[in-house]
Amino acid sequence: MESIRRSQPQDFDKVLSSMCTEPHPLAQEAAAEFLATNPGDPATYQAIAELETKAINRLSEVAGLANPHGYIASGGTEANIQAIHAARNRANDETASGQANVVAPASVHFSVNKAAEMLGVDLWIVPVDDDYRADLDAVTAAIDTDTVAVIGVAGTTEYGRVDPIPALTDIAHDAGAHMHVDASWGGFVLPFTGYAWSFADAPIDSMAIDPHKFGRAPIPAGGLLAREQATVDALAVETPYLETTSQATLTGTRSGAGVAGTVVAMEELWPAGYHQQYNRQMDNTTFLADQLANRGIEVVTPTLPLVTAAVQPATIEALQADGWRLARTASGHLRIVCMPHVSRTSLEAFLDDIDRVRPWLLVTADSLLPDTILLDVREGGGFLG
Ligand SMILES: Cc1ncc(COP(=O)(O)O)c(C=O)c1O
């Protein structure tokens, strides 16, 4: 216990890079209460099994699914892996064709690479359009008779974009492939937008939607939802030594804490609390984007609570050295995720620090220096790049 007291958990004040956040206080209490339960063994741990059914029902309400099937997974990674796993197994049953493949846009989360490698399916990654969304022509061109699944992302990890889900679903289904939507991050904000992303908007087959991100449940709590029970059944294996006879999850023992925390967070927040949270974080997003733009920084127009901007690597590194936890996209943009813990006060402090570590601001007002040149006045001159 002493070593834990000496090592405090993450303070969220300066965390601008994470897609996780502080769980709702009541969800934390619920998690503590159900720490020693295992929904992976539902006949033995019946109370948590019932709560898992409630969690799936509530998640399905968010995702517009009338007859829910699925389970509470460890996160978006597991849900994506299992969706592809089910698609591959179902296609094998039906077609017994050649080497299965999955088609996904370049914006897809890297969990899909893990899935492809583990499951022995090919992954055809296709380009995104100018607005970082799946390019429909490229998806169509990549599909062939061995395509078992198409993936669309509703809330991409890097730019917060929503792929054209109904059109992707049509393309997938025309090819006889499974349509999976990765709403791991976006699932708890998209209901308050005009995007077509859910089971109610298109006949999608499965979805990853994570309570442990915007849903304010404790980690680990992901969600795999399926339109048909057959998708879940395609994952089931026999479980000889348990009281139940089969299991469809990737992990065996699972977190009852995540399940109980999901139910309580959703009881507390769906829909009004999540809606307020979305409004607040979109206001913060717009504020940050405007403030960066006012400083002459090129900002990618945000559409969900996530801001990306062309900030010099040296500036990012200086901010990181000041304790800010920041991430970059693969193409080098600074990426700030406006999760519920990201307050206006913390964004103001961040902007103050940007002004402090971007010394070139002092010289650009009437100078001809291009944005790409940083004058390092802290070091007494010299160019940072
Ligand atoms: C769109 C998307 N899918 C999947 C994942 C993976 O989720 P997890 O880290 O909970 O496994 C993430 C993580 O940020 C994500 O942004």
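Residues numbered from 1 in each chain as written. Predicted model: local features only at pLDDT ≥ 70, side-chain atom pairs only at ≥ 80, totals over all residues. Heavy atoms only, no water.

J.: If you had to explain the domain arrangement of the chain to someone new, which residues and values would you point to?
T.: Split into domains, the chain comes out as domain 1 (23–269) and domain 2 (272–364). Computed from C-alpha atoms alone, the centre-to-centre distance between domain 1 and domain 2 is 29 Å. Residue-level contacts link 23 residues of domain 1 with 23 residues of domain 2. Summing both partners gives a buried area of about 2000 Å² for domain 1 against domain 2, and 62% of it is carried by carbon and sulfur. Ranking the residues of domain 1 by area buried against domain 2 places Y159, F192 and F214 at the top, with a combined share of 31%. If you look at where domain 1 meets domain 2, you find zero salt bridges. (Domains from an automatic or database assignment. Contact = heavy atoms within 4.5 Å. Buried area = accessible area lost by both parts, 1.4 Å probe. Salt bridge = Lys/Arg side-chain N within 4 Å of Asp/Glu carboxyl O.)

J.: An account of the sheet that holds strand 4 (residues 147–153) is needed here, citing residue identities and associated values.
T.: Ordered by their spatial adjacency, seven strands build an open sheet running 1-7-6-5-4-2-3, and the pairing between neighbours is mixed. Edge positions in the open sheet fall to strand 1 (69–73) and strand 3 (122–126), since each of these has one partner strand only. The mean inter-strand angle of the sheet, taken between neighbouring strand axes irrespective of direction, is 20°. Across five bridges, strand 4 lies against strand 5 (residues 178–182) in parallel orientation. In the strand pairing of strand 5, G152 is matched with V181. (Pairing = 2+ DSSP bridges. Helix = DSSP H or I, 4+ residues; strand = E, 2+ residues; numbered from the N terminus. Axes fitted to C-alpha atoms, helices over the stretch in contact; angles between N-to-C directions.)

J.: Requested: an account of the packing of aromatic side chains, with residues and values cited.
T.: A complete count under the given rule lists six aromatic pairs for this structure. Between W324 and F350 the ring centres are 5.1 Å apart and the planes differ by 75°, which places this aromatic pair in the edge-to-face class. Placement of the pair is W324 in the loop between helix 11 (313–321) and strand 12 (327–328) and F350 in helix 12 (residues 344–357), with a sequence separation of 26 residues. Neither W324 nor F350 differs from the other in exposure class; each is buried. The structure contains a cluster of three or more aromatic residues connected by ring pairs, namely F192, W270 and Y278. The residue whose ring lies beneath K14 is W324, and the NZ or CZ to ring-centre distance is 5.1 Å. The side chain of R344 reaches across the aromatic face of F287, ending 4.2 Å from its centre. (Phe/Tyr/Trp six-rings, centres within 6.5 Å; stacked < 30°, edge-to-face > 60°. Buried < 20%, exposed > 50% of the residue type's maximum accessible area, 1.4 Å probe, protein only. Lys NZ or Arg CZ within 6 Å of the ring centre and 35° of its normal.)

J.: If you had to explain the pairing of strand 13 (residues 334–337) to someone new, which residues and values would you point to?
T.: Burial of strand 13 is two-sided: the residues L334 and I336 facing one way and the residues R335 and V337 facing the other way are all buried. Pairing analysis gives four bridges linking strand 11 (residues 306–309) to strand 13, with the strands arranged antiparallel. The residue of strand 13 that forms the bridge with L306 is V337. Sheet analysis places strand 12 next to strand 13, joined by two bridges and oriented antiparallel. Each bridged residue has a counterpart across the sheet, and for A327 the counterpart in strand 13 is R335. Once strand 12 ends, the chain turns through five residues before running back antiparallel as strand 13, passing G332 with a positive phi of about 100°.

J.: Lay out the nonpolar core with the relevant residues and their values.
T.: W197 and M207 are the most contacted members of the largest nonpolar core, which has 59 residues in total. Secondary structure elements with two or more residues in this core: helix 2 (25–33), helix 3 (46–62), helix 6 (136–142), helix 7 (165–174), strand 5, helix 9 (256–269) and helix 10 (272–294). When residues of this core are sorted by domain, at least three fall in each of domain 1 (23–269) and domain 2 (272–364). Counting 23 residues, the second largest nonpolar core, distinct from the first, contains L292, A309, C338 and L347. (Core = buried A, V, L, I, M, F, W, Y, C linked by side-chain atoms within 4.5 Å.)

J.: I'd like a rundown of the side chain of R161, residues and numbers included.
T.: Within the fold, R161 resides in the loop between strand 4 and helix 7. In terms of polar contacts, R161 uses its side chain to reach the backbone carbonyl oxygen of T301, at 2.8 Å. Ignoring any residue separated from it by four or fewer positions in sequence, one finds R161 in contact with D131, Y132, R133, V153, A154, G155, T156, V300, T301, P302 and T303. (Polar contact = N/O pair within 3.5 Å; in protein donor to acceptor, adjacent residues only side chain to side chain.)

J.: Lay out the layout of surface pockets with the relevant residues and their values.
T.: The volume enclosed by the largest pocket comes to roughly 540 Å³. In this structure, the largest pocket is lined by 29 residues; those nearest its centre are H109, F110, T156, T157 and E158. Residue contributions to the lining of the largest pocket peak at three residues, all from helix 4 (residues 76–95). When we break the lining of the largest pocket down by domain, the ones giving at least three residues each are domain 1 (23–269) and domain 2 (272–364). Taken as a whole, the second largest pocket spans an internal volume of roughly 460 Å³. For the lining of the second largest pocket, the element with the highest residue contribution is helix 3, accounting for five residues. Split into classes, the residues belonging to the lining of the second largest pocket amount to nine nonpolar, nine polar and three charged. (1 Å grid on protein atoms, 1.4 Å probe; cavity = no way out; pocket = protein on both sides within 12 Å on 5 of 7 lines; lining within 4 Å. Points joined across faces, edges and corners; volume = space filled by probe spheres on them. Nonpolar A, V, L, I, M, F, W, Y, C, P; charged D, E, K, R; others polar.)

J.: Explain the site of the ligand residue by residue, including any values.
T.: Around the ligand sit 14 residues, and of these T77, T157, D182, H212 and K213 come closest. Within the side chain of D210, one N or O atom sits 3.2 Å away from an oxygen atom of the ligand. Relative to its free-state accessible area of 390 Å², the ligand is covered by the protein chains to the extent of 84%. When each cavity is represented as a set of grid points, the ligand is found to reside in the largest pocket. With three residues, helix 4 is the single largest residue contributor to the shell around the ligand. (Near = heavy atom within 4 Å. Areas by Shrake-Rupley, 256 points an atom, 1.4 Å probe, with all protein chains shown as cover. Sits in = over half its atoms within 2 Å of the grid points.)

J.: So what about the pattern of salt bridges? Which residues, and what values?
T.: Summed over the entire model, instances satisfying the criterion amount to eight salt bridges. The residue R90 makes a salt bridge to E228 at a minimum N-O spacing of 2.9 Å. Of this pair, R90 sits in helix 4 while E228 sits in the loop between strand 7 (222–226) and helix 8 (229–233); the two residues are 138 residues apart in sequence, bridging distant segments of the chain. A relative accessible area of 37% means that E228 is categorised as partly exposed.

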